[in-house]
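# Observations on the model geometry
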Amino acid sequence: MPSVFVSYARANDPQATQVADALRSAGFQVWRDDQLPAHRSYSDVIQERLETADAVVVLWSAESAKSDWVRSEADAARARGTLIQATLDGSKPPMPFEQIHCAILTDWDGSKEEPQWLKLHESVLALTGVEENEEEAPAFATTLSIIVLPFTNMSGDAEQEYFSDGISEDITTDLSKISSLEVIARNTAFAFKGKSPDVAELARKFGVSHVLEGSVRKSGNRVRITAQLIDGRRGGHIWAERYDRDLTDIFEIQDEISEAIVDALKIKLLPTERMQIEDRGTSDAAAYDLYLLARQIWITGNHGDRRREERVIQICEQAVRLDPDYPEAWALMAIAQSNLRYG
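Residues numbered from 1 in each chain as written. Predicted model: local features only at pLDDT ≥ 70, side-chain atom pairs only at ≥ 80, totals over all residues. Heavy atoms only, no water.

### Some remarks on the pairing of strand 11 (residues 237-246)
This is how it is decided: Two strands are said to pair when DSSP picks up at least two bridges between them. Under the scheme used here, helices are H or I runs from DSSP no shorter than 4 residues and strands are E runs no shorter than 2 residues, and both carry numbers assigned from the N terminus.
Note that strand 10 (residues 222-231) and strand 11 share nine bridges and pair antiparallel. Residue pairing for strand 11: Thr 226 is matched across the bridge by Arg 242.

Encoded structure:
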């Protein structure tokens, strides 16, 4: 399957996600920065993907133009002759890329017939060597792959959304540590939050063999999590379970879900993979709950808003008071502090 590398500044940019999904639904294997495996060096993976990609689509915006990473990726693609450019907000590509043609997707609504999208699409076809009449939607996957849909918040309280989202993200992260299992990126999966997609269509669209969905109900010190693993081709349940536990057992529940999926898919974990999955960074459930809240504020808040950074710092400080050795909480607090200092 022809491969396309998509480069842009913000991992959760909805326009960029729309472009990547459109290319994927057109039959291309698409890789984005947010699909970086948890166990590998960022720069090593980026270089490897750039060198093997048939086409590199750089999506310029005011923010992308200031990003050293995006400019570096664009430069590497230009040197290899695989560069395709588009602007998401009307911003011109920075020097020296302004001399290369750039599609304008400022007002693109996802239509496959829009002239500027057709222009970009034709460039991708030309670089990948795919004939227009050969283009097909991805078939069902023949290798083990999975998309983890956002778990539904059943708590009856919208403010508990951070917890169900956090559980979904952490299960995605756990599964991404398994080398024999391909996992669709979190941002792609979260495009279906609040929706009830047809599993077979979803599996075909993203070329995955399995779909994981579930729900979370958190009340006081109790949590109920349901999860079900679905065969993407047939739509039948391969495995399903419900967990009614104290909140202090949240880590055991996550481990059990990951292990159940591994068993259902008949995957043999490497010792290092098992250790990585079981490493939660903390054993304190209250600290973990605070970290999930801080992470949700970080993801959904407005970029550059001081109040976002200050709130994240406050919550992370509470988390590290409960567990002074919680690396994820320290790291998120450091990012927020850096943004305040240099923003």
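There's plenty left to go through after this.
### Digging into helix 1 (residues 14-25)
Here is the rule we go by: For a helix, the expected span equals 1.5 Å multiplied by the number of residues minus one. The buried label goes to any residue with under 20% of its type's maximum accessible area, the exposed label to any with over 50%, and the partly exposed label to all in between, with areas taken from a 1.4 Å probe on protein chains only.
Here helix 1 spans 16 Å end to end across twelve residues, near enough to the 16 Å set by a 1.5 Å rise per residue. Along helix 1, the residues that are buried comprise Ala 16, Thr 17, Val 19, Ala 20, Asp 21, Ala 22, Leu 23 and Arg 24. Two residues or fewer past helix 1, Gly 27 is found with a positive phi of approximately 105°.

### Brief notes about the environment of His 303
One can find His 303 in the loop between helix 11 (285-300) and helix 12 (306-322). Among the residues examined, His 303 registers a relative accessible area of 49% and is labelled partly exposed. Between the alpha carbons of His 303 and Arg 242 there is a distance of 37 Å; along the sequence they are 61 residues apart.

### Some points on unusual backbone geometry
For Lys 266, which is not glycine, the phi torsion reads 60° and is therefore positive. Tracing the chain through its elements places Lys 266 in the loop between helix 9 (250-264) and helix 10 (271-278). For Lys 266, a relative accessible area of 74% puts it in the exposed group.

### A short note on empty space enclosed by the protein
To be explicit about the condition: Here a cavity denotes grid points, spaced 1 Å and computed from the protein atoms alone, that fit a 1.4 Å probe unable to get out, and a pocket denotes an open set having protein on both sides within 12 Å along at least 5 of 7 lines; residues with an atom within 4 Å of a point are the lining. Grid points are joined across faces, edges and corners, and a volume is the space filled by probe spheres set on the points. Residue polarity follows a fixed list, in which Ala, Val, Leu, Ile, Met, Phe, Trp, Tyr, Cys and Pro are nonpolar, Asp, Glu, Lys and Arg are charged, and the others, Gly among them, are polar.
In this structure the tally under the stated criterion is two cavities of 30 Å³ or more. Taken together, the elements giving at least two residues each to the lining of the largest cavity come down to helix 9 and helix 10. When the residues that make up the lining of the largest cavity are grouped by side-chain class, the tally is three nonpolar, one polar and four charged.

### Concerning the pattern of salt bridges
Under the convention used in this document: Salt bridge criterion: a side-chain nitrogen from Lys or Arg within 4 Å of a carboxyl oxygen from Asp or Glu.
The tally for this structure, following the rule as stated, stands at 16 salt bridges. The salt bridge partner of Asp 170 is Arg 295, with a shortest N-O separation of 3.1 Å. Of this pair, Asp 170 sits in helix 6 (residues 161-176) while Arg 295 is found in helix 11, placing the two residues 125 residues apart along the sequence. Residue classification places Asp 170 among the buried residues on the basis of a relative accessible area of 11%.

### Some remarks on the layout of surface pockets
Reported here for the second largest pocket is a volume of approximately 290 Å³. Residue assignment for the lining of the second largest pocket shows that the elements contributing at least two residues are strand 7 (152-153), strand 9 (210-219) and strand 10. Residue contributions to the lining of the second largest pocket peak at three residues, all from strand 9. Residue classes in the lining of the second largest pocket are distributed as six nonpolar, eight polar and four charged.

### Observations regarding the side chain of Glu 273
Our working definition: In this tally, Asp and Glu contribute negative charge and Lys and Arg positive charge; neither His nor the terminal groups of the chain are included. Any pair of nitrogen or oxygen atoms within 3.5 Å is treated as a polar contact; in protein, a donor-acceptor pairing is required on top of that, and neighbouring residues in sequence qualify only through side-chain atoms on both sides.
Mapped onto the elements, Glu 273 comes out in helix 10. Although Glu 273 lies buried, it forms no salt bridge, and the closest oppositely charged side chain, Arg 274, sits 8.3 Å away as judged by the N-O distance. A polar side-chain atom of Glu 273 sits 2.7 Å from a polar atom in the side chain of Ser 179.

### A closer look at the environment of Ser 7
Just so we agree on the cut-off: By definition in these notes, contact holds between two residues if any of their heavy atoms fall within 4.5 Å.
As for its placement among the helices and strands, Ser 7 is situated in strand 1 (residues 3-7). On the accessibility criterion, Ser 7 (0% relative accessible area) is buried. Put simply, Ser 7 and Val 57 are 50 residues apart on the chain and 6.2 Å apart in space, counted from C-alpha to C-alpha. Those residues in contact with Ser 7 that sit more than four places away from it in its chain are Val 57, Val 58, Leu 59, Val 70 and Glu 73.

### Points about the packing of aromatic side chains
The line we're drawing: Side-chain rings of Phe, Tyr and Trp, where Trp is taken by its six-membered ring, are said to pair if the distance between their centres is within 6.5 Å; with planes under 30 degrees apart they count as stacked, over 60 as edge-to-face, and otherwise as tilted. Throughout this description, the term charge over a ring refers to an Arg CZ or Lys NZ atom that lies within 6 Å of the ring centre and within 35 degrees of the ring normal.
One pass over the structure, following the stated rule, counts five aromatic pairs. With centroids separated by 5.8 Å and ring planes inclined at 85°, the aromatic side chains of Phe 192 and Phe 206 adopt a geometry described as edge-to-face. With a gap of 14 residues between them, Phe 192 in the loop between helix 7 (186-189) and helix 8 (199-206) and Phe 206 in helix 8 connect regions that are remote in the sequence. Each member of the pair, Phe 192 as well as Phe 206, carries the same accessibility label: buried. A cation sits over an aromatic face here: Lys 218 above Phe 163, 5.3 Å from the ring centre. Cation over ring: Arg 308 sits above Trp 298, and NZ or CZ is 3.9 Å from the ring centre.

### Examining the packing of helix 6 against helix 9
Convention followed: Helix axes use the C-alpha atoms of the stretch in contact, all axes being lines fitted to C-alpha atoms, and the angles between their N-to-C directions lie in the range 0 to 180 degrees. Each angle is binned into one of four classes, with values under 35 degrees roughly parallel, values over 145 roughly antiparallel, values of 65 to 115 roughly perpendicular, and all other values oblique. For a crossing to be left-handed, the near helix must be turned anticlockwise from the far one by less than a right angle; the clockwise case is right-handed.
Where helix 6 contacts helix 9, the axes come no closer than 10 Å and their chain directions differ by 45°. Classified by the angle their axes make, helix 6 and helix 9 are oblique. Between helix 6 and helix 9 lies a crossing of right-handed hand. Counted together, Phe 163, Ile 167, Asp 170, Ile 171, Asp 174 and Leu 175 of helix 6 and Ile 250, Gln 254, Ile 257, Ser 258 and Ile 261 of helix 9 form the full contact between these two elements. Tallied by class, the residues present in the contact of helix 6 with helix 9 amount to seven nonpolar, two polar and two charged.

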